[in-house]
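The chain contents come next:
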Amino acid sequence: MLDLVDLGKRSFSAYRGIAPDAQLDEVLRLAERLRGVRCLHLNATPYGGGVSELLRSGVPLLNDLGIVTDWQIIRGDEAFFHITKRLHNALQGAPGEFSELDKATYLAHSQLNASHLSDDYDFIIVHDPQPAALPMLGGRKGARWIWRCHIDTSRPNPQAWEFLRPFLGAYDAAIFTLPEFIPPRFPISHIAIHSPAIDPLSPKNLTLPEDLARHVLSWIGVRTTRPLVTQISRFDPWKDPLGVIAAYRKVRAHIPNLQLAMVGSLALDDPEGWDVYRQIRDATANDNFIHVFTNLVGVGNIEVNAFQALSDVVIQKSIREGFGLVVSEALWKGTPVVAGRAGGIPLQMPEGTGGILVDSVEECAEAVLHLLQHPQEAQCLGEQGREHVRQHFLVPRLLLDFLRLLDSLVHEKPLAPRGLAVVHHSSPSP
Ligand code: UDP
């Protein structure tokens, strides 16, 4: 068996009064219809990045709703994860060649992972390209298969896409964040569009008392009496960390005591992150106003929460982006955001809501400076951003989209009787 990620329990009823009632009621109605259905989510890493963030909340909530749900992690060695990271980048349009050896390594790991799958599930949801070949190589295991693509695959590198495309023909349905992300000649027709969402009750997003948030940041050396701008991201070239540093330096020419925090996590399946981390360290060496933090020194959810709550402006200068959960996370705290006009970011910040979208280092610097110099406007943008997130990007809305998809697949082809087996994990909260 593959490694199972153990998660605690969550109570869906706790979202009443936070997320819109209509969404909560519809989730409960659909969950009742689908009660006992068994789902498996498969991805490459239990931490770091948006996918693990989504599953950490979504999986226990589905169990609470009576949808029996597991989360398993595929296995791979360093060579495999180097290839899958290059594949991920290539699917977002980066150049790169895949040798016969690369392909053979990918296939061998996929075959091995597929051999560890059990046939206990009605639905298997595969996240991103790392485990994408499993149903083709290992058989369907009696399940419906859904490929959930979290990245921008609108203009994939042709060689990478031709390699991956045949494996996707084995799926029953696919989910993308935006219709524009569907790659050319996608092999199946059942496609759903779901945007990701944040969990307002997780330690990362709950409301921290302001003095506690200040203590958290002071303890790690941030001067909370000085202005602060922050980018929180995996260390990844698509998040343009060097562009953030360049924009910050332009703003600091006007606001000399401005601090920048670059908070980043290094993930298991992300060897490239280490190179980017070194580039950031080199670019910021000897600058006492720039703080670089990683999960490796214990900067976790509470620190991320405090940075998002207390920064004057949060930056997310992505060049390519699937969705960018960090944008909704910052907006949920009422903090204005300056972000790259990429992927799912504009969905979160429609005109005049949440902050300013930018296309270059210069625009980024101008926007940050403008918000720092106009705090009332910045506050107003942040407040509107929070309401937009409440309506569209909290986890109950994501569960609703997901249950609607399962419901439509069951409707197309009813499950065999075992598919509505007795719930063996948990029962819904009252
Ligand atoms: N994150 C974190 N610590 C870090 C950097 C990122 O906890 O040092 C989290 C961040 O808060 C967000 C997720 O990782 O929840 C990143 O998701 P996003 O969709 O923004 O980007 P992805 O990494 O999936 O490209």
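Everything below is about the structure shown above.
Draft legend 1. Representation of the site of the ligand within the structure. In the vicinity of the ligand lie 17 residues, with Gly50, Lys204, Arg234, Lys239 and Glu329 positioned nearest. Within the backbone of glycine 264, an N or O atom sits 3.3 Å from an oxygen atom of the ligand. Within the backbone of serine 265, a nitrogen or oxygen atom sits 3.1 Å from an oxygen atom of the ligand. Here the ligand loses 89% of its free accessible area of 540 Å² to cover by the protein chains.

Draft legend 2. Main features of the pattern of salt bridges. Using the criterion set out here, one finds 25 salt bridges in the structure. Between arginine 38 and aspartate 122 there is a salt bridge, with the nearest N and O atoms lying 3.2 Å from each other. Remark: aspartate 122 occurs in the loop between helix 4 (100-115) and strand 4 (123-127) and arginine 38 occurs in strand 2 (residues 38-43); sequence separation between them is 84 residues. Judged by relative accessible area, which is 10%, arginine 38 ranks as buried.

Draft legend 3. Geometry of the packing of aromatic side chains. Under the definition given, this model contains 15 aromatic pairs. With centroids separated by 6.2 Å and ring planes inclined at 5°, the aromatic side chains of tryptophan 161 and phenylalanine 186 adopt a geometry described as stacked. Taken together, the positions of tryptophan 161 in helix 6 (residues 158-168) and phenylalanine 186 in the loop between strand 6 (173-176) and strand 7 (191-193) put the pair 25 residues apart, joining distant regions of the chain. One exposure class covers both tryptophan 161 and phenylalanine 186, and it is buried. Each residue in the set Phe80, Phe81, Tyr106, Phe163 and Phe167 is aromatic and connected to the rest through ring pairs, giving one cluster.

Draft legend 4. Structural view of the sheet that holds strand 7. Here seven strands make up an open sheet; going across it, the order is 1-3-2-4-5-6-7 and the pairing mixed. Two strands lie at the open edges of the sheet, namely strand 1 (3-4) and strand 7, each paired on one side alone. Where strand 2 lies against strand 4, four bridges are found, and the strand directions are parallel. Bridge pairing in strand 4 links cysteine 39 to phenylalanine 123. Sheet contacts for helix 15 (residues 395-412): strand 2, strand 4, strand 5 (144-148), strand 6 and strand 7; angle to strand 5, the most-contacted strand, approximately 145°.

Draft legend 5. Structural view of the environment of phenylalanine 307. Relative to the assigned elements, phenylalanine 307 resides in helix 10 (residues 301-310). For phenylalanine 307, a relative accessible area of 0% translates into the label buried. For the pair phenylalanine 307 and glutamine 231, spaced 76 residues apart in the sequence, the C-alpha separation amounts to 9.0 Å. When sequence neighbours within four positions are dropped, the list of residues in contact with phenylalanine 307 reads Leu217, Ile220, Val222, Leu228, Thr230, Ile232, Ala261, Val263 and Phe293.

Criteria and thresholds
Residues numbered from 1 in each chain as written. Predicted model: local features only at pLDDT ≥ 70, side-chain atom pairs only at ≥ 80, totals over all residues. Heavy atoms only, no water. Near = heavy atom within 4 Å. Polar contact = N/O pair within 3.5 Å; in protein donor to acceptor, adjacent residues only side chain to side chain. Areas by Shrake-Rupley, 256 points an atom, 1.4 Å probe, with all protein chains shown as cover. Salt bridge = Lys/Arg side-chain N within 4 Å of Asp/Glu carboxyl O. Helix = DSSP H or I, 4+ residues; strand = E, 2+ residues; numbered from the N terminus. Buried < 20%, exposed > 50% of the residue type's maximum accessible area, 1.4 Å probe, protein only. Phe/Tyr/Trp six-rings, centres within 6.5 Å; stacked < 30°, edge-to-face > 60°. Pairing = 2+ DSSP bridges. Contact = heavy atoms within 4.5 Å. Axes fitted to C-alpha atoms, helices over the stretch in contact; angles between N-to-C directions.

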